[in-house]
Amino acid sequence: MTESKSLPWWKEAVVYQIYPRSFQDSDGDGVGDLKGITDRLDYLKELGIDVIWLSPVYRSPNADNGYDISDYRAIQEEFGGMEDFDRLLEKAHGLGIRIMMDLVVNHTSDEHFWFAESRKGKDNPYRDYYIWREGRAGGPPNDWKASFGGSAWEYDEITGMYYLHSFHKKQPDLNWENEAVRHAVYDMMRWWFDKGIDGFRMDVISMISKDWRYFDRHPKDGSLWEFSVNGPRVHEFLQEMNKEVLSRYDCITVGETAGVTIEEAKRYAGETGGELNMVFQFEHVCLGDGRFGKWNDTPVDLREFKAVMGKWQTLLAGKAWNSLYLGNHDQPRSVSRFGDDRPEYRELSAKMLALCLHFMQGTPYIYQGEELGMTNPYFERLEDYRDVESLNAYRELTEAGLVDGKDMLRYIGQKSRDNARTPMQWDAGENAGFTGGTPWIGLNPNYGQVNAEVQRRDPDSVFHFYRKLIRLRKEHEIIIRGSFRDLSPEDESVYAYEREYRGKRVRVLCNFTDRTVPCEWKLLDSERLLIQNRENTEKTLLPYEALAFWV
Ligand code: GLC
């Protein structure tokens, strides 16, 4: 980097998300674990990433794969013990890789000690750690709906009252209005920082302050978003958390903020600090949502995609920092959704998407296997799915006669969170090298072709393309600092944009279709080329062609 003012390290970093259950099993129980991750750190070093975001590894009864935590200071037994965590942290740090933990504090598991106490009686000291209300007319307090289906209220016999759960009934919401809850959370965060971790990805953090004005109103679609997203005290709470914890450590923080707008993002992640470093916005992954939310198979419209991405690029510039992602453990595989996962186009379109995203401004997040172009598995039977969200949605929508079972299975094939949760494909051997036992969820049958071993050996692979993108980001500060301009927002096939910094410009051209299209934006000068995913010396873009060059 040149003489310009230095940036906080997390603006220059590339993050890699690990979903521990599905990354690498080391003891043959079919479930990934911490030792497995430690054994694979060299692979991540080779890829060139700077930070690992670990999806939850805390003790959990697994109603929602670890997002229901019963002990924040213990490791999930299937994943190993605290010694395994310490070893992972030490080895990662030794390799210059930082570790960001998942902070799930909108809710705990109903098996957490706090909740076990809370439900015991109205006078219990932990009663107010959760949100309890009296029922009405023999039913729940109001018609708020949970994110995983059904009422957001669960009746508890012991005291004859209802508790709030924005997600599964085994995930009761914490009461952030209670100062004791907040300070218990801050204590726990400091405990992890003092252990040496480098940051937190904050699960559904936009939901911690409920908006009680909605208590008696009929929510628009019965959903939980109105009462729970960007609530009245959320910024106050995060400022307090910043003061009490985050400001005391050199750390990376990213908030998962469903329902975040540009204006809200500037508050959560403003340049002046005070809350978080950045947020995950959801607009591009919600494109095409319809009557049944995400359950459909509507293809993504490129113009809408560009409008969303461009808006975040330009309106946050200089005001707040972006995070860049196309996939994670809650989303389908990015190549299946935004690219083309047919065998002949899989690699090309995976590289095209990577280039498109990694040349934007913000901190890029790679979801495990995305760097190999892993695809949705398209399971044929409902029994193959594990995810509580998919299974509940199938039941609710088919039982209500709203969606036909076959259609629903197709929608799940496109959108289920399990699409991202099939085991990491390491090699062509048994169970793709993921486990010596029976994997907790089926493998994608294409692991013979799509796997890390093959790609590490092939300089033209998706894996090596990602390595190059990561390297370029470190070599050229224009990628981190440059301004952004969409060259052709109306074009239905091509994403063409430019970055500009100190009088220099980089142009990025990405063909999002399986057709060859003419392209006036293209300069045919190999000296200017930074990266491309296929050779083509014509002023056209071949199917899924993508390149970046100096202009
Ligand atoms: C977030 C997580 C998701 C989880 C939910 C409830 O959206 O990413 O996996 O189910 O929060 O914790």
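Residues numbered from 1 in each chain as written. Predicted model: local features only at pLDDT ≥ 70, side-chain atom pairs only at ≥ 80, totals over all residues. Heavy atoms only, no water.

*Asks:* Would you take a moment to explain the overall build of the chain for this structure?
*Replies:* The helix and strand tally for the chain stands at 17 helices and 20 strands. Taking the principal axes of the C-alpha coordinates as reference, the chain spans close to 75 × 55 × 50 Å. Burial statistics for the chain: of 551 residues in total, 63% are counted as buried. Here the analysis covers contacts within the chain between residues at least 6 apart in sequence; of these, 70% occur between residues at least 24 apart. Here the chain contributes 71 positively and 92 negatively charged side chains, and the mean placements of these two sets differ by 4 Å. (Helix = DSSP H or I, 4+ residues; strand = E, 2+ residues; numbered from the N terminus. Buried < 20%, exposed > 50% of the residue type's maximum accessible area, 1.4 Å probe, protein only. Contact = heavy atoms within 4.5 Å. Lys, Arg positive; Asp, Glu negative; His and termini not counted. Charge placed at Lys NZ, Arg CZ, Asp CG, Glu CD.)

*Asks:* Even after reading the chapter, I still don't get the environment of Leu-315, so can you show me in this structure?
*Replies:* Tracing the backbone shows Leu-315 in helix α10 (residues 302–316). Residues Leu-315 and Tyr-495, spaced 180 residues apart in sequence, show a C-alpha to C-alpha distance of 18 Å. When sequence neighbours within four positions are dropped, the list of residues in contact with Leu-315 reads Ile-262 and Lys-266.

*Asks:* Any chance you could explain the site of the ligand here in plain terms?
*Replies:* As a structural note, the neighbourhood of the ligand is formed by 14 residues, with Asp-64, His-107, Asp-203, His-329 and Asp-330 the closest of them. At 2.8 Å from an oxygen atom of the ligand is found a side-chain nitrogen or oxygen belonging to Asp-203. Against a free-state accessible area of 300 Å², the protein chains account for coverage of 96% of the ligand. In a pocket analysis with a 2 Å cut-off to the grid points, the ligand is assigned to the largest pocket. (Near = heavy atom within 4 Å. Polar contact = N/O pair within 3.5 Å; in protein donor to acceptor, adjacent residues only side chain to side chain. Areas by Shrake-Rupley, 256 points an atom, 1.4 Å probe, with all protein chains shown as cover. 1 Å grid on protein atoms, 1.4 Å probe; cavity = no way out; pocket = protein on both sides within 12 Å on 5 of 7 lines; lining within 4 Å. Sits in = over half its atoms within 2 Å of the grid points.)

*Asks:* For this particular structure, what's the right way to read the nonpolar core?
*Replies:* Where a protein is soluble and globular, its nonpolar side chains tend to be buried together. One finds Met-189 and Phe-359 to be the most contacted residues of the largest nonpolar core, which totals 155 residues. Broken down by element, this core gets its largest block of residues, 9 residues, from helix α12 (residues 343–358). Core analysis: the next-biggest nonpolar cluster, separate from the first, contains 10 residues, Trp-144, Ala-146, Tyr-162 and Tyr-214 among them. (Core = buried A, V, L, I, M, F, W, Y, C linked by side-chain atoms within 4.5 Å.)

*Asks:* So what exactly am I meant to see when it comes to the domain arrangement of the chain here?
*Replies:* Note: interface size is frequently given as the accessible area lost on complex formation between the parts. If you check the domain split of the chain, you get domain 1 (4–106 + 179–206 + 252–469), domain 2 (113–164) and domain 3 (482–550). With 26 residues of domain 1 in contact, the opposing surface of domain 3 contributes 32 residues. When the area that domain 1 buries against domain 3 is broken down by residue, the three leading residues are Lys-306, Met-352 and Phe-359, summing to 27%. Joining domain 1 to domain 3, the criterion identifies 3 salt bridges. Note that Arg-303 and Glu-490 form a salt bridge whose closest N and O atoms lie 3.7 Å from each other. In this assembly, domain 1 and domain 3 are joined by 10 residue pairs in polar contact (both at pLDDT 80 or more). Counting only elements with at least two residues in the side of domain 1 that touches domain 3, the list comes to α10, α12 and α16 (462–475). A per-class count over the side of domain 1 that touches domain 3 returns 14 nonpolar, 6 polar and 6 charged. (Domains from an automatic or database assignment. Buried area = accessible area lost by both parts, 1.4 Å probe. Salt bridge = Lys/Arg side-chain N within 4 Å of Asp/Glu carboxyl O. Nonpolar A, V, L, I, M, F, W, Y, C, P; charged D, E, K, R; others polar.)

*Asks:* For this particular structure, what's the right way to read the packing of α12 against α16?
*Replies:* Describing two packed helices takes the angle between their axes plus the distance from one axis to the other. Interhelical geometry of α12 versus α16 gives an angle of 15° and a closest axis separation of 10 Å. Overall, the two elements α12 and α16 adopt an arrangement that is roughly parallel. When you trace α12 past α16, the crossing you get is right-handed. Where α12 abuts α16, its residues Glu-347, Ala-350, Lys-351, Ala-354, Leu-355 and His-358 lie against Val-462, Phe-465, Tyr-466, Leu-469 and Arg-473. Looking at the contact of α12 with α16 residue by residue, the class counts come to 7 nonpolar, 1 polar and 3 charged. (Axes fitted to C-alpha atoms, helices over the stretch in contact; angles between N-to-C directions. Parallel < 35°, antiparallel > 145°, perpendicular 65-115°, else oblique. Left-handed = near helix turned anticlockwise from the far one by under 90°.)

*Asks:* Explain the packing of aromatic side chains here, please?
*Replies:* Pairs of aromatic rings are described using the distance from one ring centre to the other and the angle between the two planes. Enumeration according to the criterion identifies 40 aromatic pairs in this entry. A centroid spacing of 6.3 Å and a plane angle of 80° characterise the contact between Trp-53 and Tyr-365, whose relative ring orientation is edge-to-face. Of this pair, Trp-53 sits in strand β2 (residues 51–54) while Tyr-365 sits in strand β13 (residues 363–367), and the two are 312 residues apart along the sequence. In this pair, the class of Trp-53 matches that of Tyr-365, namely buried. For the pair Phe-305 and Phe-512, a centre-to-centre distance of 5.9 Å together with 50° between the ring planes defines the contact as tilted. Taken together, the residues span a long stretch of sequence, with Phe-305 in helix α10 and Phe-512 in the loop between β16 (504–511) and β17 (517–518) at a distance of 207 residues. As far as burial versus exposure is concerned, Phe-305 and Phe-512 are alike and both buried. Joined through ring pairs, the aromatic side chains of Tyr-58, Tyr-72, Phe-85, Phe-113, Trp-114, Tyr-126, Tyr-129, Trp-191 and Trp-192 make up one cluster. When the ring centre of Trp-550 is taken as origin, the NZ or CZ atom of Lys-504, which lies over that ring, is 4.9 Å away. (Phe/Tyr/Trp six-rings, centres within 6.5 Å; stacked < 30°, edge-to-face > 60°. Lys NZ or Arg CZ within 6 Å of the ring centre and 35° of its normal.)

*Asks:* What is the right way to look at the sheet that holds strand β20 (residues 546–550) in this model?
*Replies:* Strand pairing within a sheet occurs via backbone hydrogen bonds; the two strands may be parallel or antiparallel. Pairing in this open sheet of 5 strands is antiparallel, and the strands run β14-β15-β16-β20-β18 from one edge to the other. Two strands close off the open sheet at either side, each with one partner strand: β14 (483–486) and β18 (529–532). Averaged over all pairs of adjacent strands, the angle between strand axes in this sheet comes to 15°, irrespective of strand direction. Relative to β20, β16 runs antiparallel, the two being bridged by 5 bridges. Paired with Val-506 across the bridge in β20 is Trp-550. The sheet contacts of α12 involve β15 (494–501), β16, β18 and β20, and relative to β16 the element is tilted by about 150°. (Pairing = 2+ DSSP bridges.)

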